[in-house]
Amino acid sequence: MIELPSPSLIGMVHLAPLPGSARSVIDVSEISERAVRDALTLQEAGFDALMIENFGDVPFAKASMPPASVAGLAVVADRVSRAVPLPLGINALRNDAQAALGIAAVVGARFIRINVHSGVYATDQGMIEGNAACTLAYRKQLGRRIAIFADVHVKHAIPISEPDIAQAAKHTAYRGLADALIVSGRATGESVNLDQLATVKQAVPDRKLFVGSGATAETVRELLQYANGVIVGSSLKEGGVPDCPIDAKLARTFVAAVRS
């Protein structure tokens with residue numbers, strides 16, 4: 001399991017559309033340059049870790065990313081990992097756990113995020129089913145102890161198999177064997193329901209718990225009363241626009257709200 005300080009601040013590096021996605025317009029070298037700039041800004045602000053995701057690839061493939069997009073994500077992750085020595089995570093949207101694990105193994109990333117690790121969810125990509133057994137088997141095959149951070153009642157989705165968030169959390173942790181859990185708001189940038197966050201913490205006290213959306217400099221202290229860390233991206237961008245670069249001042253303000 002990856003060792004991170006408590007509380008842990010994980011900064012998101014949102015990538016521009018990769019080759020193979022519908023909106024791709026720039027090459028991987030330029031995507032990488034932008035990603036490295038954001039990663040350096042987060043490091044200089046005092047973040048503890050980074051997470052890279054193919055945020056720009058909407059509309060996302062439901063399960064397997066296109067091969068060119070997987071290759072592009074691997075190239076960008078490698079360049080970021082060489083430029084910034086912080087622990088790195090990979091999220092292969094929408095739910096390509098094997099691509100995330102494979103990239104993590106190749107570039108030395110320490111953890112991955114899986115949106116649907118356990119259960120069944122209705123999403124804008126259609127019905128997505130978790131496949132924890134295959135994910136854990138592939139991790140064992142790779143021979144790398146890459147930590148699995150798994151969402152519970154993931155954003156942009158409706159839980160079908162288990163509407164009760166406490167039970168969904170237990171299934172994800174104890175049947176899906178996730179190493180850490182993530183609770184988010186209903187959509188990107190939306191605030192977490194504090195009652196749901198507290199419920200998951202109580203239901204699964206032996207797993208680290210992260211807030212996956214909506215954390216701001218004004219709310220982060222309250223969130224950290226329940227969570228071990230936050231994954232933050234949108235609130236570090238000018239105007240809260242995910243496609244914008246990380247704003248250095250906003251990033252420093254966020255860290256100061258936690259550390260001061």
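Refer to the structure presented above.
Cut-offs used in this document
- Position numbers for residues start from 1 in each chain and track the written sequence from start to end.
- Thresholds applied to this predicted model are a pLDDT of at least 70 for local features of residues and 80 or more for the giving and counting of side-chain atom pairs; totals over whole chains, interfaces and linings are not thresholded and use all residues.
- Water and hydrogen atoms play no part in the side-chain values, which are based on all heavy atoms of the structure.
- Helix and strand labels come from DSSP, where a helix needs a run of H or I of at least four residues and a strand needs a run of E of at least two; each type is numbered from the N terminus.
- Relative accessible area decides the class of each residue, using a 1.4 Å probe on protein chains only: under 20% of the type maximum gives buried, over 50% gives exposed, and in between gives partly exposed.
- Whether two residues touch is decided by their heavy atoms; if any such pair falls within 4.5 Å, the residues are in contact.
- Working definition of accessibility: Shrake-Rupley area with a 1.4 Å probe, residue cover restricted to the visible protein chains.
- Asp and Glu count as negative and Lys and Arg as positive, but His and the ends of the chain are not part of the count.
- Lysine's charge is taken at NZ, arginine's at CZ, aspartate's at CG and glutamate's at CD.
- We call two strands paired when DSSP finds no fewer than two bridges between them.
- Orientation is described by lines fitted to C-alpha atoms, with helices fitted over the stretch in contact, and by angles between N-to-C directions that extend from 0 to 180 degrees.
- Throughout, the arc means the angular range of directions from the helix axis out to the C-beta atoms.
- We call two N or O atoms a polar contact when they sit within 3.5 Å, provided that within protein one can donate a hydrogen and the other can accept it, with sequence-adjacent residues counted only if both atoms are side-chain atoms.
- With respect to orientation, any angle under 35 degrees is reported as roughly parallel, any angle over 145 as roughly antiparallel, any angle of 65 to 115 as roughly perpendicular, and every other angle as oblique.
- Left-handed describes a crossing whose near helix is turned anticlockwise from the far helix through less than a right angle; right-handed describes the clockwise counterpart.
- Ten residues, namely Ala, Val, Leu, Ile, Met, Phe, Trp, Tyr, Cys and Pro, are considered nonpolar, four, namely Asp, Glu, Lys and Arg, are considered charged, and the remaining ones, Gly among them, are considered polar.

Colleague: What exactly am I supposed to notice about the overall build of the protein here?
Modeller: Scanning the protein for helices and strands turns up 8 helices and 11 strands. Principal axes of the C-alpha set define a box for the protein whose edges measure 45 × 45 × 35 Å. For the protein, with 260 residues in total, the buried portion stands at 55%. The long-range share in the protein, meaning contacts at least 24 apart out of those at least 6 apart in sequence, stands at 70%. Carbon and sulfur atoms provide 51% of the accessible area of the protein, an area that totals close to 11000 Å². Across the protein, the 25 positively charged side chains and the 25 negatively charged ones have centroids separated by 5 Å.

Colleague: Sorry if this is basic, but what is going on with the sheet that holds strand S9 (residues 180-183) here?
Modeller: Hydrogen bonding along the main chain pairs the strands of a sheet, whether they run parallel or antiparallel. Around the barrel, which closes on itself, the 8 strands sit in the order S1-S2-S3-S4-S7-S9-S10-S11 with parallel pairing between neighbours. Each strand axis lies, on average, 25° off the axis of its neighbour in the sheet, ignoring direction. Here S9 pairs with strand S10 (residues 208-211) via 4 bridges, running parallel. By the bridge assignment for S10, Leu-181 is matched with Leu-209. Strands in contact with helix H3 (residues 97-107) are strand S3 (88-91) and strand S4 (111-114); relative to S4, the strand with the most contacts, it is inclined by about 170°.

Colleague: Where do I start with the environment of Glu-190 in this structure?
Modeller: One can find Glu-190 in the loop between S9 and helix H6 (194-203). For Glu-190, a relative accessible area of 38% translates into the label partly exposed. For the pair Glu-190 and Ala-132, spaced 58 residues apart in sequence, the C-alpha separation works out to 27 Å. Those residues within four positions of Glu-190 in sequence are excluded, and the remaining contacts are Gly-185, Ser-213 and Gly-214.

Colleague: Is there a simple way to think about helix H5 (residues 165-175) in this case?
Modeller: For an α-helix, 3.6 residues make a turn, and residues three or four places apart therefore share a direction. By the burial criterion, the buried members of H5 are Ile-165, Ala-166, Ala-168, Ala-169, Thr-172 and Ala-173. For H5, the arc enclosing every buried residue in end-on projection is 165°, short of the 170-degree limit, so these residues lie on one face. On the buried face of H5, the contacting elements are strand S7 (147-151), S9 and H6. Sitting at the head of H5, Asp-164 places a side-chain oxygen 3.1 Å from the backbone nitrogen of Ala-166.

Colleague: Help me out: how do you make sense of the pairing of strand S6 (residues 126-129) in this one?
Modeller: Residues in a regular strand project their side chains so that they alternate between the two faces of the sheet. In this structure, strand S5 (residues 120-123) lies alongside S6, joined through 4 bridges in antiparallel fashion. Bridge pairing in S6 places Thr-123 opposite Gly-126. The turn joining S5 and S6, which pair antiparallel and follow one another in sequence, is formed by 2 residues.

Colleague: How should the packing of H5 against H6 be read in this particular structure?
Modeller: With their axes 9 Å apart at the nearest point, H5 and H6 run at an angle of 45° to one another. As the angle between them shows, H5 and H6 are arranged oblique. Once H5 is placed against H6, the crossing between them reads as right-handed. Of the residues in H6, those touching H5 at Ile-165, Ala-166, Ala-169, Lys-170 and Tyr-174 are Gln-196, Thr-199, Val-200 and Ala-203. Of the residues belonging to the contact of H5 with H6, the class tally is 6 nonpolar, 2 polar and 1 charged.

Such coordinate-based values are descriptive only and should not be taken to indicate function.
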